[in-house]
Amino acid sequence: PISIDEAICVKYLDGLPDGDASAHQQCEAITRQIRRDVFDATNGCTVSIGCSNSLVLARLALKKAKPNGQCVMASLEQDSIDAFIEELPLRDLPGVGATIVDKVQQHILFEQTAEPTIGDLKRNSSLQLLASKLGTKTGHKLHLFLSGKDDEENSRVLRDPLDYFARKSISVDINYAIRFDTIHEIDEFIDRICEHLTTKLGEIDMV
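Residues numbered from 1 in each chain as written. Predicted model: local features only at pLDDT ≥ 70, side-chain atom pairs only at ≥ 80, totals over all residues. Heavy atoms only, no water.

On to a nonpolar patch on the surface. On the surface, a cluster of nonpolar side chains totalling about 510 Å² of accessible area is made up of Ile174, Ile178, Phe180, Ile183, Ile186 and Ile190. When you line up the elements, Ile178 lands in the loop between α9 (161-164) and α10 (183-203). (Patch = residues over 30% accessible without salt bridge, like charges linked within 9 Å, V, L, I, M, F, W, Y side chains within 5 Å. Areas by Shrake-Rupley, 256 points an atom, 1.4 Å probe, with all protein chains shown as cover. Salt bridge = Lys/Arg side-chain N within 4 Å of Asp/Glu carboxyl O. Helix = DSSP H or I, 4+ residues; strand = E, 2+ residues; numbered from the N terminus.)

See the structure below:
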């Protein structure tokens, strides 16, 4: 689960190397079947699917697939990957919003084009330049994305999704209008909150 209407699925095609024509055909068949199953199960709701051998490429493929389509990008050749993504808007890359696009235009491309593309930045940047203008972490991530490769965070999603998406904390919200008159009331309230939290922890078998 990524959001209320988005999901990631990892399928390992045993015995078929990445980029193999048979793997591509199998992925095409799988995506068609998923879309058909969802359509039938929901009485007509359509979904779009992007499929590739990296998470960033799959998300870009999804952009091309929308609305109500599918797109499989299985080639491992860098020339094919570049041709696939270079005309897509830079903002289509995951985590790249208006702020990053503005910085790229002002400090790297030195122009205010209405919609800079992934190819524009790839042709006019290097890892060192991206890191110096956008920060080490963002620059390194963007440099990998420009070649269709996943950064460490995306790799973790694919490598161990159960751990990545596992619940990391538990909490309780308190209405701002609650007021106390004495220290005793505060102590009593904190005791009740702790009891509530430990009950919730027990329900999910955590400590």
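On inspection of all chains with the given rule, the structure shows eight salt bridges. With its nearest N and O atoms 3.6 Å apart, the salt bridge here joins Asp92 to Arg91. Salt-bridge contacts for Asp120 lead to Arg123; the nearest nitrogen and oxygen are separated by 3.1 Å. With Asp120 and Arg123 both in helix α5 (residues 118-123) and three residues apart, the pair spans about one turn of that helix. Relative accessible area serves as the criterion here: at 55%, Arg123 is assigned to the exposed category. Through salt bridges with shared partners, a single ionic network connects Glu86, Asp120 and Arg123. (Buried < 20%, exposed > 50% of the residue type's maximum accessible area, 1.4 Å probe, protein only.)

Before going further, it helps to examine the packing of aromatic side chains. Tallied over the full model, the rule gives one aromatic pair. With a centroid separation of 5.1 Å and 55° between ring planes, the pair formed by Phe180 and Phe189 is classed as tilted. Owing to a relative accessible area of 33%, Phe180 belongs among the partly exposed residues under this scheme. By relative accessible area, which is 14% here, Phe189 ends up buried. (Phe/Tyr/Trp six-rings, centres within 6.5 Å; stacked < 30°, edge-to-face > 60°.)

Glancing now at the pairing of strand β2 (residues 70-73). Looking at chain direction, strand β1 (residues 49-52) and β2 are connected through four bridges and run parallel. For Ile49, the partnering residue across the bridge sits in β2 and is Gln70. After leaving β1, the chain enters helix α2 (residues 55-65) and then returns to the sheet as β2, a path that is left-handed. (Pairing = 2+ DSSP bridges. Right-handed = clockwise from strand over helix to strand, strands pointing away.)

To continue, consider the side chain of Asp92. Within the element layout of this structure, Asp92 appears in the loop between α3 (78-85) and α4 (98-109). Classification of Asp92 as buried rests on a relative accessible area of 10%. In this structure Asp92 touches Leu60 and Lys63, once residues within four positions along its chain are discounted. (Contact = heavy atoms within 4.5 Å.)

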